[in-house]
Amino acid sequence: MRLLICIVLLLSTCIVECQEINIIPRPVEVTKKEGSYLLKDRMTVGNDFPANDWAKLFPYFKTEMKKLFDITITEVTKGKDADIEFNNRRMPTSGKPAYQLTVSKSGITIASNFDEPAFNAIQTLFQLMPVDAEVKREIPLVAIFDYARFNYRGMHLDVSRHFFPVDFVKRYIDYLAYHKLNTFHWHLTDDQGWRIEIKKYPKLTSVGAWRNGTIIGRYPGNGNDGKKHGGFYTQEQIKEVVKYAKERFITVIPEIEMPGHASAAIAAYPELSCFPDEPTIKYFPKQCKWYGDTTGKQVQQTWGVFDDVFTPSEYTFNFLQNVLDEVIPLFPSTYIHIGGDECPKENWKRSAFCQQLIKDKGLKDEHGLQSYFIQRIEKYLNSKGKKIIGWDEILEGGLAPNATVMSWRGEQGGIDAAKQKHDVIMTPGNPVYFDHSQSENEDSVTIGGYNPIEKVYAYEPVPKELDEEQAKYILGAQANVWTEYMDNPKKVEYMIFPRMAALSEILWSSKENRNWDDFAKRLPVQIKRYEKWGANYSKAYFDLKATVWPTADYDGVIWKLENKNNADDIIIFKSVKKGSSDDGLISNKKECARTIKSDGIYFGYLQAKTVVKSQVAQQFHFNKATGKKITLTNPPSKNYPGDGAFTLVNGIINEKGYARTKEFLGFKDNDCEAVIDLGESQLVSFVVVNTLNRTTSWIWRPQSAEVFGSGDGQTWYPLKQTDDFEEKDKLTGKGTMTMAFKATYAQYLKVVVRNWGIIPEGNAGAGNKAWLFVDEIEVEGPSEKDLK
Ligand code: TNX
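Residues numbered from 1 in each chain as written. Predicted model: local features only at pLDDT ≥ 70, side-chain atom pairs only at ≥ 80, totals over all residues. Heavy atoms only, no water.

Peer 1: Provide a residue-level description of the overall build of the protein chain, including the pertinent values.
Peer 2: Regarding its fold elements, the protein chain presents 19 helices and 34 strands. Its C-alpha atoms give the protein chain a radius of gyration of 30 Å, within 12% of the compact-globule value 28 Å for 788 residues. Along the three orthogonal principal directions, the C-alpha set of the protein chain runs to about 100 × 90 × 50 Å. Relative to its full complement of 788 residues, the protein chain shows a buried share of 57%. A total of about 33,100 Å² of accessible surface is found on the protein chain, and carbon and sulfur atoms cover 52% of it. (Helix = DSSP H or I, 4+ residues; strand = E, 2+ residues; numbered from the N terminus. Rg over C-alpha atoms; globule rule 2.2 N^0.38 Å. Buried < 20%, exposed > 50% of the residue type's maximum accessible area, 1.4 Å probe, protein only. Areas by Shrake-Rupley, 256 points an atom, 1.4 Å probe, with all protein chains shown as cover.)

Peer 1: Could you give an account of the environment of Val 612, with specific residues and numbers?
Peer 2: Within the fold, Val 612 resides in strand E26 (residues 611-620). Assessed through its relative accessible area of 43%, Val 612 is described here as partly exposed. Considering only alpha carbons, one finds Val 612 and Pro 702, 90 residues apart in sequence, at a separation of 42 Å. Sequence-distant contacts of Val 612, defined by excluding residues within four places in its chain, comprise Tyr 605, Leu 606 and Gln 607. (Contact = heavy atoms within 4.5 Å.)

Peer 1: Describe in detail the sheet that holds strand E24 (residues 591-596), supporting the description with residues and values.
Peer 2: Strand pairing in a sheet relies on backbone hydrogen bonds. The paired strands run either parallel or antiparallel. As summarised here, the arrangement of the three strands in space is E20-E21-E24, forming an open sheet in which the pairing is antiparallel. Of all strands in the sheet, those with a lone pairing partner are strand E20 (544-550) and E24, marking the two edges. Taken over all neighbouring pairs, the strand axes of this sheet differ in orientation by 20° on average, direction set aside. When strand E21 (residues 557-563) meets E24, the two strands line up antiparallel, connected through six bridges. Bridge pairing in E24 links Glu 562 to Glu 591. (Pairing = 2+ DSSP bridges. Axes fitted to C-alpha atoms, helices over the stretch in contact; angles between N-to-C directions.)

Peer 1: Tell me what's going on with the sheet that holds strand E3 (residues 72-75), and back it up with residues and numbers.
Peer 2: Strand order in the open sheet formed by seven strands is E1-E7-E5-E6-E4-E2-E3, with mixed pairing between adjacent strands. The open sheet has two edge strands with one neighbour each: strand E1 (29-38) and E3. The sheet shows a mean angle of 20° between the axes of neighbouring strands, direction not considered. The sheet contact formed by strand E5 (residues 98-104) and strand E6 (residues 107-112) spans five bridges and is antiparallel. Considered in E6, the bridge of Gln 100 is made with Ala 111. Running over the sheet, helix H3 (residues 115-128) touches strand E4 (84-88), E5, E6 and strand E7 (138-147) and is turned about 35° from E5.

Peer 1: Residues and numbers for the nonpolar core, please.
Peer 2: Core analysis: the largest hydrophobic core is formed by 197 residues, its most contacted members being Met 155 and Trp 186. For this core, the leading source of residues is helix H4 (residues 166-178), giving nine residues. With residues near it in sequence (within four places) discarded, Trp 186 still touches Leu 157, Val 159, Val 169, Tyr 233, Ile 238, Val 241, Val 252, Ile 253, Pro 254, Glu 255 and Phe 331. Residues Ile 253, Met 406, Tyr 433 and Leu 475 belong to the second largest nonpolar core, which totals eleven residues. (Core = buried A, V, L, I, M, F, W, Y, C linked by side-chain atoms within 4.5 Å.)

Peer 1: Account for the site of the ligand, with residues named and values stated.
Peer 2: The local shell around the ligand consists of Arg 161, His 261, Asp 341, Glu 342, Trp 391, Trp 408, Tyr 433, Asp 435, Ile 447, Trp 482 and Glu 484. Contact distances for the ligand include 2.7 Å between an oxygen atom and a side-chain N or O atom of Asp 435. For the ligand, an oxygen atom lies 2.6 Å from a polar atom in the side chain of Glu 484. Protein burial of the ligand: of its 360 Å² of free accessible surface, 92% is covered by the chains. Here the shell around the ligand is composed, by residue class, of five nonpolar, one polar and five charged. (Near = heavy atom within 4 Å. Polar contact = N/O pair within 3.5 Å; in protein donor to acceptor, adjacent residues only side chain to side chain. Nonpolar A, V, L, I, M, F, W, Y, C, P; charged D, E, K, R; others polar.)

Peer 1: Talk me through the packing of H4 against helix H6 (residues 235-246); I want residue IDs and the actual numbers.
Peer 2: The geometry of H4 relative to H6 is characterised by a closest axis approach of 10 Å and an angle of 15° between their N-to-C directions. When the axis of H4 is compared with that of H6, the two are roughly parallel. H4 and H6 meet at a crossing whose hand is right-handed. In contact with Val 166, Val 169, Lys 170, Ile 173 and Asp 174 of H4, H6 contributes Gln 237, Glu 240, Val 241, Tyr 244 and Ala 245. Taken together, the residues of the contact of H4 with H6 sort by class into six nonpolar, one polar and three charged. (Parallel < 35°, antiparallel > 145°, perpendicular 65-115°, else oblique. Left-handed = near helix turned anticlockwise from the far one by under 90°.)

Peer 1: Can you tell me about helix H2 (residues 51-69), naming the residues and giving the values?
Peer 2: In this model, H2 (19 residues) spans 26 Å end to end at C-alpha, consistent with the 27 Å of a helix rising 1.5 Å per residue. Turning to H2, its buried residues number three or more, namely Asp 53, Trp 54, Leu 57, Phe 58, Tyr 60, Phe 61, Glu 64, Met 65, Leu 68 and Phe 69. Looking at the buried side of H2, the elements it contacts are strand E2 (42-47), E3, E4, H3, H4 and helix H18 (516-533). Directly beyond the C-terminal end of H2, a positive phi value near 55° is found at Asp 70. (Expected span 1.5 Å × (residues − 1).)

Peer 1: Run through the environment of Ser 598, naming residues and quoting values.
Peer 2: With respect to the secondary-structure elements, Ser 598 resides in the loop between E24 and strand E25 (600-608). Accessibility expressed as a relative area gives 30% for Ser 598, which makes it partly exposed. C-alpha separation for the pair Ser 598 and His 185, spaced 413 residues apart in sequence, amounts to 53 Å.

Peer 1: Quick rundown of helix H10 (residues 352-360)? Include the residues and the values.
Peer 2: Taken together, the buried positions of H10 are Cys 354, Leu 357 and Ile 358. Projection of H10 onto a plane perpendicular to its axis shows the buried side chains occupying an angular sector of 100°, all on one side. Residues of H10 that are exposed and point over 90 degrees away from its buried face: Ala 352, Lys 359 and Asp 360. Buried residues belonging to H10 abut helix H9 (346-350) and helix H11 (366-383). (Arc of directions from axis to C-beta.)

Peer 1: Tell me about the pattern of salt bridges, and please be specific about residues and values.
Peer 2: Summed over all chains, the structure comprises 39 salt bridges. Arg 161 serves as the salt-bridge partner of Asp 190, at 3.5 Å between the closest nitrogen and oxygen. On the criterion of sequence distance, the pair formed by Asp 190 in strand E10 (residues 189-190) and Arg 161 in the loop between strand E8 (152-158) and H4 is long-range, its members being 29 residues apart. You'll find Asp 190 and Arg 161 in the same group, each marked buried. Connected through shared salt-bridge partners, Glu 64, Lys 67, Asp 174, Lys 243, Glu 247 and Arg 248 make up one network. (Salt bridge = Lys/Arg side-chain N within 4 Å of Asp/Glu carboxyl O.)

Peer 1: How would you sum up the state of the cysteines? Please name residues and give values.
Peer 2: With the rule as written, the count across this model stands at zero disulfides. In this structure Cys 343 is a free cysteine whose sulfur lies 8.9 Å from that of Cys 274, the closest cysteine sulfur available. Overall, Cys 343 belongs to the buried group, its relative accessible area being 7%. Cys 354 takes part in no disulfide bond, and the closest cysteine sulfur, belonging to Cys 274, lies 3.9 Å away. We classify Cys 354 as buried; its relative accessible area is 0%. (Disulfide = S-S within 2.5 Å.)

Dropping the structure here:
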């Protein structure tokens, strides 16, 4: 009997679970009905679509149904026992191409009067299918009406920094289709490799597609792997990819970068440079060995922005037009992306030819020259029936008349362009750069920044600065995937998933339908889909958010963990410390806190049933200042506020350097001056300030550190000053300023950490103010016993 009840219970939970509708992006209207439709291993499909349209839909549908769900599809005449019907029918929306998808007891119907929405309806149908193979093959009865909010729904992939084979590019395109995205921006050329065959200029790929090494680790790197890296797509392969995308209703926009990010092309054809005889490697970071030939022009082995850009000569324009002549026939897209970003003007300033050209053309300056460059290319492409897209730098010095702007340095470029009545694609670094971390505990190298899925989801592509008329120029948005730190497909997948799901919803779903809590409920099923596709993904969504707080009596610290997601998971605390076994504290609430009073490594787990979904580990170091009351004379910069002043005495000593900037307070315009109240008069003899020295990021070690003591917090006596910085870890730049002095009684300590000041010549950011990054302040002293 009991067994029977169990089975019934199990079955009923299964039915409830299988019946859930978890479509991402969320459709405009979903009406759920009671009951479900039973799928079969072999199903029939009928249609009355125009033959042309049907030819675009059927092969894809048939292949994917087999591949994804092992269902064999055969075609029958419409109306004749068709399990699935495609009806060519006008939809009730005005303007927006829409589809209807209906699942009833008797079958599945997809209706639309266009092929593209019907294709998207197929994607919706895929998402009604059960994700677990062992689950009964049924789908819920439902009526869905749906259309896209934005016409431009894009994802970008940089194949220059790292090359990705055709197979992966196709898989990437599949991912876009599954997410109802319709544009693939293919970044084909850059400083580290030229990736598209151009028959007239074979050296672009025989020379420009290869580099002899790549820096190791985050820029500026700590070595060079010395491995030959590269590859390119033949024109046949490009056609194959474009066709594959077209079969998925995805437009491929190629990007041919100019006038900057041109090192690979220049390595192949040095005449494209203002200074064909100047060697490339004078720009190489000192600590990384250059591999291969050190003379002449070379394909870059490191990341960044390089001064050696295209010279705006007739040779260059002729060259680029010839290149574009071969690019144009390969891509049916109306748009060609011509880059335009990050073009340093140093060489143009130094070049007599460029200076003369500025005069001859009556241009204002080098920005005018950049504008001249882009406008000339635009004119050429317009004459071939193509439109240009450029990064927002193309606004500088005057926008080309018909250009579409991709706003990446925030939203301002997009706002300005829309106000000038130019089309805009929004792709602001924060939050839609998918090369930034999605986790605060990211261990793999990323470019930096923190764009978690919830931030992506909260992004609204139409800036509020625009009125209704101007807003029409926002065609949509795109996430960018720069691959400096993604050298294999698994890493790319890890960076794009599940953020791509959030992107798809902000671009497809109606504004009213966007709701994080609702999305978060559907997300676990999307994650199961990723597993089903064999795709890698980030589990950052399950990260526990950890914060450290002072206790009410300044004795110990409070470690608080919060579960950001909606599931009924539990949080479990455990600690590993000398002399204690597990002190497992369990909470089934969304947050849980514990007080910590001694050294040790402490753990927190997010657990669903018996499955651990995520874990945080934190080492706490206790000293006389830990958990004590602390105040700052000057606030830190808004960009690096840490967890406030308490960051300096919270028991956490940074271990990962710049990768965990929230463990530091950052000061730019002033010194860090902290007053610590030890609670009672104590013997102190030793103060250590933990700081960072990472000059490539403009972060400099302190000029000096000084400690003062006081019995009342009013009158201060100097205890020790030091100018010595001890580097602890070369890789992260972690280091300390140590002050040892004669044991003294003090209740209050004032620690002054002085900013380096102006960055000296010959360094990154020379002439600017340096950043000061301060982490834990450790205070030690002998016990009374030691003294006796
Ligand atoms: C800026 S975004 C770039 C790229 C880098 C990226 C790294 C843009 C137009 N240019 O060249 O790969 O930053 O996030």
